[in-house]
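Here is what each chain is made of, one letter per residue.
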Amino acid sequence: MKHNNSIITIDETGIENKEENETSSKLYWDAIEYIIINKYSICILPKNFAHFAIYIEINAKNNVYKALKKFNKLDLLIDNSI
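Residues numbered from 1 in each chain as written. Predicted model: local features only at pLDDT ≥ 70, side-chain atom pairs only at ≥ 80, totals over all residues. Heavy atoms only, no water.

1. A look at the sheet that holds strand β7 (residues 54-57)
Taken together, the four strands give an open sheet; going across it, the order is β7-β6-β5-β8, and neighbouring strands pair in mixed fashion. The strands lining the two open edges of the sheet, one partner per strand, are β7 and β8 (77-79). Within this sheet the neighbouring strands show an average axis-to-axis angle of 15°, counted without direction. Sheet analysis places strand β5 (residues 32-37) next to β8, joined by three bridges and oriented parallel. Counterpart to Ile36 in the pairing with β8 is Ile78. (Pairing = 2+ DSSP bridges. Helix = DSSP H or I, 4+ residues; strand = E, 2+ residues; numbered from the N terminus. Axes fitted to C-alpha atoms, helices over the stretch in contact; angles between N-to-C directions.)

2. Description of the pairing of β7
Here β7 shows a buried face lined by Ile54 and Ile56 and an unburied face lined by Tyr55 and Glu57. Pairing analysis gives four bridges linking strand β6 (residues 41-46) to β7, with the strands arranged antiparallel. Looking at β7, one finds that Cys43 is bridged to Tyr55. (Buried < 20%, exposed > 50% of the residue type's maximum accessible area, 1.4 Å probe, protein only.)

3. What to know about the side chain of Asp11
Residue placement: Asp11 occurs in the loop between β2 (6-10) and β3 (14-19). Its relative accessible area of 18% is what places Asp11 among the buried residues. At 3.3 Å, the side chain of Asp11 and the side chain of Lys26 are in polar contact. In contact with Asp11, not counting residues within four places along its chain, are Lys26, Trp29 and Phe71. (Polar contact = N/O pair within 3.5 Å; in protein donor to acceptor, adjacent residues only side chain to side chain. Contact = heavy atoms within 4.5 Å.)

4. Let's talk about unusual backbone geometry
Residue Asn72 is not a glycine yet carries a positive backbone phi of 55°. Mapped onto the elements, Asn72 comes out in the loop between α1 (61-70) and β8. For Asn72, a relative accessible area of 65% corresponds to the exposed category.

5. Description of the pattern of salt bridges
Across all of its chains, the model carries two salt bridges by this definition. Here Asp11 and Lys26 are joined by a salt bridge, their closest N and O atoms 3.3 Å apart. Residue Asp11 is found in the loop between β2 and β3, and its partner Lys26 is found in strand β4 (residues 24-28); the two are separated by 15 residues along the sequence. Between Asp79 and Lys61 there is a salt bridge; the shortest N-O distance is 3.8 Å. In this pair, Asp79 is assigned in strand β8 and Lys61 in helix α1, connecting sequence segments 18 residues apart. For Asp79, a relative accessible area of 25% gives the class partly exposed. (Salt bridge = Lys/Arg side-chain N within 4 Å of Asp/Glu carboxyl O.)

Okay, here's the thing in structure tokens:
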């Protein structure tokens with residue numbers, strides 16, 4: 001998924017945000033507390049706030065759902081977008 005100047009990748013190990021300048025940040029599944037879908041954005045919150053959060057534009061909502069289902073991680077999801 002392309003997000004502004006970065007690419008968000010969701011795979012079997014976790015969620016990664018790779019910036020244009022090649023900076024990469026990844027949260028592994030065991031480090032993620034919640035994936036929250038709000039009206040305008042999606043936020044991936046870590047269990048330990050010494051880590052970072054990842055934010056995704058809401059237009060990627062369907063892709064996020066598909067990826068979470070594919071990797072059996074729907075239990076992390078809180079959908080407040082309704």
